[in-house]
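Summary of the model geometry
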Amino acid sequence: MAILVCGGAGYIGSHAVHQLVSRGEEVVIIDNLQHGHRAALNPHAKFYEGDIRDYNILEKIFTENKIEAVIHFAAYIEAGESVQKPLKYFNNNVYGIQVLLEEMYKHGINKIVFSSTAAVYGEPKKIPIEETDDKTPINPYGETKLIMEKIMRWVSKANGINFVSLRYFNAAGAIEDGSIGEDHHPETHLIPLILQVPLGKRDHITIFGNDYDTPDGTCIRDYIHVIDLADAHILALEYLRKGGSSDAFNLGSGKGFSVKEMIEAAKKVTGKNIKVEIGERRPGDPAQLIASSEKAHKILGWNPKFTDVEVVIKTAWNWHKKHPNGYDD
């Protein structure tokens with residue numbers, strides 16, 4: 001029996017495929033390569049180039065392979081873009097999960113692990129954030145992920161497709177051998193943006209606001225290594241295999257690091273100076289986002305291995321040094 005990984009050529013998806021393959025799992029990937037990379041595909045996985053909104057390609061995959069469960073990463077993820085292009089996000093993310101669940105139900109596949117986001121919470125009323133906290137997204141990206149969770153919950157009740165929704169915070173780092181890593185166009189994530197300065201790809205890093213109600217005035221975020229995230233998806237899969245009921249879990253380190261702290265850590269890791277400029281606050285940026293992952297620890301048995309932020313940055317630096325132009329090298 002195989003695991004279908006939707007979006008398996010993307011950043012987190014490719015690392016999840018690596019971890020699945022290393023455990024001896026049979027893996028099938030579907031990716032339209034719009035944001036994923038052919039070079040990130042695992043040679044030990046079977047690949048279908050296509051879109052999960054296409055009933056025909058899903059029909060082909062589910063007919064040609066014995067699929068036991070699905071891990072779903074195939075969604076648009078840029079919060080800022082979603083504000084400008086909400087229909088693009090609703091079509092890809094919400095319609096995509098509808099088509100996928102319809103085909104899963106048709107073919108008797110009753111397990112799905114879903115890549116959700118902390119963006120479902122919006123502006124947190126307290127820190128750390130717990131799964132039962134209010135969910136009031138402040139952008140269409142977070143709204144689509146919350147709708148996708150709600151769709152899965154109703155389908156779970158009606159059609160018996162059990163799901164685990166993993167709401168994670170800031171994915172970071174790369175596999176330690178530097179063979180796969182983070183390559184977004186355009187890049188919006190903090191660590192690769194910081195590392196573009198010592199790589200000579202940008203003159204400086206801009207801090208958007210230094211007057212937040214935090215110890216050093218810059219935003220605080222919770223960073224999770226991509227391998228720890230990948231391992232959480234595998235633990236969620238095992239939980240469903242053992243008959244676990246549908247549920248949602250936060251994935252975070254429980255520790256927050258400010259933008260300034262991340263820049264200082266990057267200076268240590270790279271041994272290079274990193275020029276900083278202060279910009280205006282961006283609308284919708286909460287001062288702090290830190291997860292409580294106690295539920296994932298207790299129920300899934302998830303314990304992150306990469307807890308030192310310098311080690312996380314070191315793995316990212318290793319990837320970016322080897323691939324300064326990403327997968328285009």
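Below is a summary of the structure that appears in this document. (Residues numbered from 1 in each chain as written. Predicted model: local features only at pLDDT ≥ 70, side-chain atom pairs only at ≥ 80, totals over all residues. Heavy atoms only, no water.)

So, on to the packing of helix H2 (residues 55–64) against helix H4 (residues 86–106). Closest axis-to-axis distance for the H2/H4 pair is 10 Å, and the angle between their directions is 35 degrees. Handedness of the H2/H4 crossing: right-handed. Contacts between H2 and H4 pair Tyr55, Leu58, Glu59 and Phe62 from the former with Tyr95, Gln98, Val99, Leu100, Glu102, Glu103, Met104 and Lys106 from the latter. Per-class residue counts for the contact of H2 with H4 are 7 nonpolar, 1 polar and 4 charged. (Axes fitted to C-alpha atoms, helices over the stretch in contact; angles between N-to-C directions. Helix = DSSP H or I, 4+ residues; strand = E, 2+ residues; numbered from the N terminus. Left-handed = near helix turned anticlockwise from the far one by under 90°. Contact = heavy atoms within 4.5 Å. Nonpolar A, V, L, I, M, F, W, Y, C, P; charged D, E, K, R; others polar.)

What follows covers empty space enclosed by the protein. Applying the stated criterion across every chain, the model contains 1 cavity of 30 Å³ or more. One number sums up the size of the largest cavity: a volume of about 40 Å³. Around the largest cavity, the lining residues are Tyr223, Ser253, Phe257, Phe306, Thr307, Asp308, Val309 and Val312. Here the lining of the largest cavity is composed, by residue class, of 5 nonpolar, 2 polar and 1 charged. (1 Å grid on protein atoms, 1.4 Å probe; cavity = no way out; pocket = protein on both sides within 12 Å on 5 of 7 lines; lining within 4 Å. Points joined across faces, edges and corners; volume = space filled by probe spheres on them.)

Strand order in the open sheet formed by 3 strands is S12-S9-S14, with mixed pairing between adjacent strands. Both edges of this open sheet fall to strand S12 (257–258) and strand S14 (288–289), since each of them pairs with a single strand only. Relative to S14, strand S9 (residues 220–221) runs parallel, the two sharing 2 bridges. Directly across from Ile220, in S14, lies its bridge partner Gln288. (Pairing = 2+ DSSP bridges.)

Our next topic: the nonpolar core. Leu166, Ile191 and Met262 are the most contacted members of the largest nonpolar core, which has 69 residues in total. The element that contributes the greatest number of residues to this core is helix H7 (residues 226–241), accounting for 10 residues. If you look at the next biggest cluster of nonpolar residues, it comprises 27 residues, including Ile52, Leu100, Met104 and Ile161. (Core = buried A, V, L, I, M, F, W, Y, C linked by side-chain atoms within 4.5 Å. Buried < 20%, exposed > 50% of the residue type's maximum accessible area, 1.4 Å probe, protein only.)

Our focus in this paragraph is the packing of aromatic side chains. Following the criterion strictly, the structure yields 3 aromatic pairs and no others. Each ring, one from Tyr239 and one from Phe249, has its centre 6.0 Å from the other, and the planes form 85 degrees; the classification is edge-to-face. In this pair, Tyr239 sits in helix H7 while Phe249 sits in strand S11 (residues 247–251), placing the two residues 10 residues apart along the sequence. Summarising the burial analysis for this pair, Tyr239 and Phe249 share the class buried. The interplanar angle of 50 degrees and the centroid separation of 4.9 Å between the aromatic rings of Trp319 and Tyr327 together place this pair among those described as tilted. Residue classification places Trp319 among the buried positions, given a relative accessible area of 0%. (Phe/Tyr/Trp six-rings, centres within 6.5 Å; stacked < 30°, edge-to-face > 60°.)

In terms of burial, strand S2 (residues 26–31) is a largely internal element, 5 of the 6 residues being buried. Judged from the 5 bridges that link them, strand S1 (residues 2–6) and S2 form a sheet pairing that is parallel. For Leu4, the partnering residue across the bridge sits in S2 and is Val28. In the classification by handedness, the crossover that spans S1, the intervening helix H1 (residues 11–22) and the parallel S2 is right-handed. Sheet topology places S2 next to strand S3 (residues 46–49); 4 bridges connect them, and they run parallel. In the strand pairing of S3, Asp31 is matched with Glu49. (Right-handed = clockwise from strand over helix to strand, strands pointing away.)

Across the interface, H1 lies against H7 with an axial gap of 8 Å and an inter-helix angle of 60 degrees. What the angle tells us is that H1 and H7 run oblique. For H1 against H7, the interelement crossing comes out right-handed. The segment H1 lies against H7, with Tyr11, Ile12, His15, Ala16, Gln19 and Leu20 engaging Val226, Ile227, Leu229, Ala230, Asp231, Ile234 and Leu237. Along the lines of polarity and charge, the residues of the contact of H1 with H7 split into 10 nonpolar, 2 polar and 1 charged. (Parallel < 35°, antiparallel > 145°, perpendicular 65-115°, else oblique.)

Ordered in space as S3-S2-S1-S4-S5-S6-S11, the 7 strands form an open sheet in which the pairing is parallel. For this open sheet the edge positions go to S3 and S11, each flanked by a neighbour on one side alone. Shown here is a sheet whose adjacent strand axes are inclined to one another by a mean of 20 degrees, direction ignored. The sheet strands contacting H7 are S1, strand S4 (67–72), strand S5 (111–117), strand S6 (162–168) and S11, and the helix crosses S6 at an angle near 160 degrees.

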